[in-house]
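# Inside the fold
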Amino acid sequence: MIKFENVTKVYNKTVRALDDVSFNVKGGEIVGFIGPNGSGKTTTMKLLTGIIKADVGKITVNGFNIRKNPIKAKESIGYIADSPDMFLRLKGVEFLDLIGDIYHVPQEKRKERIEKFAARFDLTDSLSSPMMSYSHGMRQKIMVIAALLHDPPVWILDEPMVGLDPKSAYELKNMMREHAKAGNSVFFSTHVLEVAEKLCDRVIIIKKGKLLYDGTLEALEAQNKSGSSLEEIFLELTGS
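What counts and what doesn't
- Residues numbered from 1 in each chain as written.
- Predicted model: local features only at pLDDT ≥ 70, side-chain atom pairs only at ≥ 80, totals over all residues.
- Heavy atoms only, no water.
- Helix = DSSP H or I, 4+ residues; strand = E, 2+ residues; numbered from the N terminus.
- Contact = heavy atoms within 4.5 Å.
- Core = buried A, V, L, I, M, F, W, Y, C linked by side-chain atoms within 4.5 Å.
- Buried < 20%, exposed > 50% of the residue type's maximum accessible area, 1.4 Å probe, protein only.
- Pairing = 2+ DSSP bridges.
- Axes fitted to C-alpha atoms, helices over the stretch in contact; angles between N-to-C directions.
- Lys, Arg positive; Asp, Glu negative; His and termini not counted.
- Salt bridge = Lys/Arg side-chain N within 4 Å of Asp/Glu carboxyl O.
- Parallel < 35°, antiparallel > 145°, perpendicular 65-115°, else oblique.
- Left-handed = near helix turned anticlockwise from the far one by under 90°.
- Nonpolar A, V, L, I, M, F, W, Y, C, P; charged D, E, K, R; others polar.

### A few points about the environment of G92
- Looking at the secondary structure, you find G92 in helix α3 (residues 92–102).
- With 34 residues separating them in the primary sequence, G92 and S126 have C-alpha atoms 7.2 Å apart.
- Here G92 is in contact with L127, S129, M131, Y134 and I142, once residues within four sequence places are set aside.

### Points about the nonpolar core
- Membership of the largest hydrophobic core comes to 46 residues, with the highest contact counts inside it found for I30, F95, L96, I142, M176 and F188.
- Of the residues forming this core, the biggest block, 7 residues, is contributed by helix α5 (residues 136–148).
- If near-sequence neighbours (up to four positions away) are discounted, M176 is found in contact with I30, W155, L157, M161, V186, F188 and L199.
- Formed by 23 residues, the second largest nonpolar core is a distinct cluster that contains F23, I59, V61 and I156.

### Topic: the sheet that holds strand β2 (residues 15–25)
- Pairing in this open sheet of 4 strands is antiparallel, and the strands run β2-β1-β4-β5 from one edge to the other. Strand pairing shows two members of the sheet lacking a second neighbour, β2 and β5 (64–65), which therefore form its edges.
- In this structure, strand β4 (residues 56–61) lies alongside β5, joined through 2 bridges in antiparallel fashion. Residue pairing across strands places T60 opposite N65, the latter belonging to β5.
- Contacting β1 (2–11), β2 and β4, helix α1 (residues 41–48) runs over the sheet at an angle of about 120° to β1.

### Considering the sheet that holds strand β7 (residues 154–158)
- If you walk across this open sheet you meet the 6 strands as β6-β7-β8-β3-β9-β10, and the pairing is mixed. On the outer flanks of this sheet lie β6 (77–80) and β10 (210–215), each paired with one strand and no other. Strand-to-strand twist of the sheet, defined as the mean angle between neighbouring strand axes without regard to direction, takes the value 15°.
- This element, helix α9 (residues 230–238), spans β3 (30–34), β9 (202–207) and β10 of the sheet and lies at about 35° to β9.

### Structural notes on the side chain of K41
- Relative to the elements of secondary structure, K41 occurs in helix α1.
- One buried charged residue, K41, forms no salt bridge at all, with the nearest opposite charge on E159 at 5.2 Å.
- Excluding residues that lie within four positions of it along the chain, K41 makes contacts with F33, I34, G35, P36, E159, S189, H191 and I206.

### Notes on the packing of α3 against α5
- It is at 9 Å that the axes of α3 and α5 come closest, and there the two elements cross at 25°. By the criterion of interaxial angle, the relationship of α3 to α5 is roughly parallel. Remark: the crossing between α3 and α5 carries right-handed chirality. Residues G92, F95, L96 and I99 of α3 touch α5, and the partners they reach there are I142, M143, I145 and A146.
- Tallied by class, residues from the contact of α3 with α5 come to 7 nonpolar, 1 polar and no charged.

Quick look at the structure:
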């Protein structure tokens, strides 16, 4: 469902944020994207969603080329950015209605999905309040609901657990499992190796714009004969 083929991105003609990076994410998979700060994770997310353009390479989402057919590709994506601080003057329900209009979600389905997701995230009583009054965690929850409102097959989530309380994080992880089980794909970045270990079918490790590893954490652990923990292996691999 995601094909990232030989992609390079250079900023200011000098900073090589991504260097000939390739990977795939299939339907039914949850893939964790991990690496140190500044390794190229957010750049990858922005390229996948069409926010920025690659200098070299080809990106396909759900069969659609992100450059040649951007609208169809973006209709297939549910994206949670690394910051939830946007459209804060709108009420929660107004923001979700705006997203519903953009993605042409029918009113009846929209209402049903908003009610379902708001109940799962304990946001029902806050939807009529301006998002400016929300805590960081509440804003993150509303962004999660907005990303999933049009029922996209491909989820691209940039640090989605940040700011969520334990119950909401638990709910989101369950939703990610449900989504993948239905044959869809989830690609998410995280700094928490424990989350990746428990949730992911596969992990991709990146450092300074280059892929270091693409496979299961079990296989990564099996490659290391020293008996080190996964955390220690990751730190050694990335030089962190």
